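# Structural overview for review
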Amino acid sequence: MAGVEAAGGGREAGSPRPLPGDGEAAIIAQSPPAGTAMSRLESMIRRLEAQVRCLDAAMAAIAGVPGVVLELGLGNGRTFDHLRERLGDREILVFERHLIAHPACVPDDEFLFLGNLEDTLPPLMSRLEGRVVLIHADLGTAAERYPLSLEKLIAATFPRLLRRDGIVLTDKPLADAGLAPMALPEGVGSGRYHMYRPEPGPGRGKAAPR
Ligand SMILES: C[S@@+](CC[C@H](N)C(=O)[O-])C[C@H]1O[C@@H](n2cnc3c(N)ncnc32)[C@H](O)[C@@H]1O
């Protein structure tokens, strides 16, 4: 992504502050001029800003907590690359229907599950139940919600997969999935990205080491 810093490295008046701790990533969409609608370009930049901020917040929250990470929707491989660069030795299992990723961002075979998530995730439930610390689902298209088949799969699997202190990030909102919304990181507009925790329930409560 290209930066929009003013020449000389300073920020233009009124532009949002850079992402904390990352001088190079001082992107960032400024508000459209008064009376101008937000363009699709600006909207996409905001979505990517929200995505990276949520990923970074989630990774900070799970630091030191054991567990597997699931990347649902490899796509080009950008968010997978971000996760693996920052998570070190953490096991990251990646799911994708069609392999179209940048060649440098393709996981090793043993970590890559090709095919429809509806077919590839259920067989792993017994192996992964209660062991997942972070699920990042970036499966969407321009539609406002996931298809019904995915929503049903998510409700049936995510709460079972997650540790009690696990986190879910999604590009689309989830309802009735047994998950409770979390506050978004500072600077992320409501609805741009979504963060959830498992809803506390019987047998759920304190996080226990696994
Ligand atoms: C928006 S892209 C992911 C972009 C990716 N996070 C990145 O940073 O490059 C969404 C991906 O999800 C995949 N996808 C959507 N629905 C799926 C499903 N039911 N099963 C498996 N993959 C799916 C699509 O094939 C697509 O590559």
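Let me begin by describing the structure that accompanies this report. (Residues numbered from 1 in each chain as written. Predicted model: local features only at pLDDT ≥ 70, side-chain atom pairs only at ≥ 80, totals over all residues.)

### Notes on helix α5 (residues 148-161)
Note the threshold: Note on conventions: DSSP H or I runs of at least 4 residues are helices, E runs of at least 2 residues are strands, and numbering of each starts at the N terminus. For a helix, the expected span equals 1.5 Å multiplied by the residue count minus one. Axes are fitted to the seven residues ending at a residue and to the seven starting at it; the angle between these axes is taken as the bend at that residue. Field definition: a residue is buried when 20 or more other C-beta atoms are found within 10 Å of its C-beta, exposed when 12 or fewer are, and partly exposed for counts in between, with C-beta atoms placed from the backbone. Throughout, a pair of residues is in contact if the C-beta atoms placed from their backbones lie within 7 Å.
For α5, which comprises 14 residues, the first-to-last C-alpha distance of 20 Å matches the rise-based estimate of 20 Å (1.5 Å per residue) to within 8%. Where α5 bends most, at isoleucine 154, the angle is about 30 degrees. Residues of α5 that are buried include every one of Leu153, Ile154, Thr157, Phe158 and Leu161, and no others. Each element contacted by the buried residues of α5 is listed here: α3 (117-120), α4 (125-128), β4 (132-137), β5 (162-170) and β6 (179-181).

### Section: the sheet that holds β6
Spelled out, the test is: When DSSP locates at least two bridges between a pair of strands, those strands are taken to pair. Fitting a line to C-alpha atoms yields each axis, with helices limited to the stretch in contact; the angle taken between N-to-C directions then spans 0 to 180 degrees.
Across the sheet, seven strands lie side by side as β3-β2-β1-β4-β5-β7-β6; this open sheet has mixed pairing. One side of each edge strand has no neighbouring strand; the edge strands of this open sheet are β3 (112-114) and β6. Across the sheet, the mean angle from the axis of one strand to that of its neighbour is 20 degrees, orientation sign disregarded. Looking at chain direction, β4 and β5 are connected through five bridges and run parallel. From the neighbouring strand, alanine 137 faces β5, where its bridge partner is threonine 170. Along the sheet, helix α1 (residues 40-62) makes contact with β4, β5 and β7 (194-198), crossing β5 at roughly 170 degrees. Each of β1 (68-72), β2 (92-96) and β4 touches helix α2 (residues 78-87); the most contacted strand, β1, lies at about 165 degrees to it.

### Describing α1
A rise of 1.5 Å per residue sets the reference length of α1, with its 23 residues, at 33 Å; its end C-alpha atoms lie 33 Å apart and thus fit the reference within 8%. For α1, every residue scored as buried is listed here: Glu49, Ala50, Gln51, Val52, Cys54, Leu55 and Ala58. One or two positions beyond α1, positive phi appears at glycine 64, with a value near 85 degrees.

### A word on the site of the ligand
Where we set the bar: Proximity of a residue to a molecule or strand is defined by its backbone-placed C-beta atom lying within 6 Å of that partner. Asp, Glu, Lys and Arg are counted as charged, while Ala, Val, Leu, Ile, Met, Phe, Trp, Tyr, Cys and Pro are counted as nonpolar; the rest, among them Gly, fall into the polar class.
Around the ligand sit 16 residues in total, of which Gly73, Gly75, Asn76, Arg78 and Arg97 are the nearest. Taken together, the elements giving at least two residues each to the shell around the ligand come down to α2, β2 and α3. Residue composition of the shell around the ligand, grouped by class: four nonpolar, seven polar and five charged.

### Things to note about unusual backbone geometry
Even without glycine at this site, aspartate 176 takes up a positive phi of about 55 degrees. Here aspartate 176 is to be found in the loop between β5 and β6. Take aspartate 176: there are 9 C-beta atoms within 10 Å of it, and that puts it in the exposed class.

Read these as spatial facts, not as claims about activity.
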